[in-house]
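As a plain string of letters, each chain reads:
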Amino acid sequence: LQSITELFDGRVGSDFEEKDLEALYKEGEKRYANKIPPGYCDEKNKKDKGKRSLYGDLVVWKQTIHHCKEQAKSLIFITDDHKPDWWDKVEGKHTPRKELIKEFADSTGQDILIYDSSRFLEYAKQNKELKVSQKTINEVEKVKTADTSISSDDLASALSLLRRHYVQELTSNR
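The structure reproduced in this document is the subject of the present report.

How each quantity is defined
- Residues numbered from 1 in each chain as written.
- Predicted model: local features only at pLDDT ≥ 70, side-chain atom pairs only at ≥ 80, totals over all residues.
- Heavy atoms only, no water.
- 1 Å grid on protein atoms, 1.4 Å probe; cavity = no way out; pocket = protein on both sides within 12 Å on 5 of 7 lines; lining within 4 Å.
- Points joined across faces, edges and corners; volume = space filled by probe spheres on them.
- Helix = DSSP H or I, 4+ residues; strand = E, 2+ residues; numbered from the N terminus.
- Nonpolar A, V, L, I, M, F, W, Y, C, P; charged D, E, K, R; others polar.
- Phe/Tyr/Trp six-rings, centres within 6.5 Å; stacked < 30°, edge-to-face > 60°.
- Buried < 20%, exposed > 50% of the residue type's maximum accessible area, 1.4 Å probe, protein only.
- Axes fitted to C-alpha atoms, helices over the stretch in contact; angles between N-to-C directions.
- Left-handed = near helix turned anticlockwise from the far one by under 90°.
- Contact = heavy atoms within 4.5 Å.
- Arc of directions from axis to C-beta.

## Let's talk about the layout of surface pockets
Argument step 1. Reported here for the second largest pocket is a volume of approximately 300 Å³.
Argument step 2. At the level of elements, β3 (93-96), β4 (112-115) and α7 (117-126) are the ones that each hand at least two residues to the lining of the second largest pocket.
Argument step 3. Here the lining of the second largest pocket takes four residues from β3, the largest share from any one element.
Argument step 4. Of the residues in the lining of the second largest pocket, the class split is six nonpolar, three polar and three charged.

Okay, structure coming up:
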């Protein structure tokens, strides 16, 4: 737990204030009506689950932009949400939505790379300075392809397992 805490220390921002969230929800209504990413693909499934759930992708996106603007830092953003409000399909491959890349750059003056977890781990594995085991990659794939009816206990166990593998790899690389 200490290793995980250290791993995320200084890397988790604070939540928006309620008035900022309300303004963001109003922005979300307009964005979703005009199919502006991210999050509009969640509208059908989450419209009855409250605004925080409905606009969750947009909230995370705006928090990310806010944080990177404040810190004046570029970002590697990893998401396993494969819906069309995050990804385009070009020649059979998923590529990040250009609107997201542009919005991030325009808002922050920084660069962003967007990957899904498998692709990110594959790139990390190719990097000679980082050691990512095939076991970690396989565990991530297992969690990603798990049945959507996975229980919260099973999900918590899987995430715990992934964290242990990741922390073990980090500490063995020191």
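Here the narrative resumes, following the displayed structure.
## Observations regarding the packing of aromatic side chains
Argument step 1. The final tally for this structure, using the stated rule, is seven aromatic pairs.
Argument step 2. Ring centres of W61 and F104 lie 6.2 Å apart, and the angle between their planes is 50°; on these two criteria the pair is classed as tilted. With a gap of 43 residues between them, W61 in helix α5 (residues 56-71) and F104 in helix α6 (residues 98-108) connect regions that are remote in the sequence. The exposure classification of W61 matches that of F104, with both residues buried.
Argument step 3. In textbook terms, an aromatic cluster arises when at least three aromatic residues are bridged by ring pairs, as seen for W61, F77, W86 and F104.

## Quick word on the packing of α5 against α6
Argument step 1. Orientation of α5 relative to α6, taken along the N-to-C sense of each, is 35°, at an axis distance of 9 Å. Here α5 runs over α6; the crossing is right-handed. Facing α5, whose interface residues are W61, K62, T64, I65, C68 and K69, α6 presents L100, E103, F104, S107 and T108.
Argument step 2. Considering only residue class, the contact of α5 with α6 consists of five nonpolar, three polar and three charged.

## Focus on α7
Argument step 1. Buried within α7 are the following residues: S117, S118, L121 and A124. Buried residues of α7, seen end-on, are gathered within an arc of 125° and therefore sit on one face of the element.

Function cannot be inferred from these measures alone, as they are strictly geometric.
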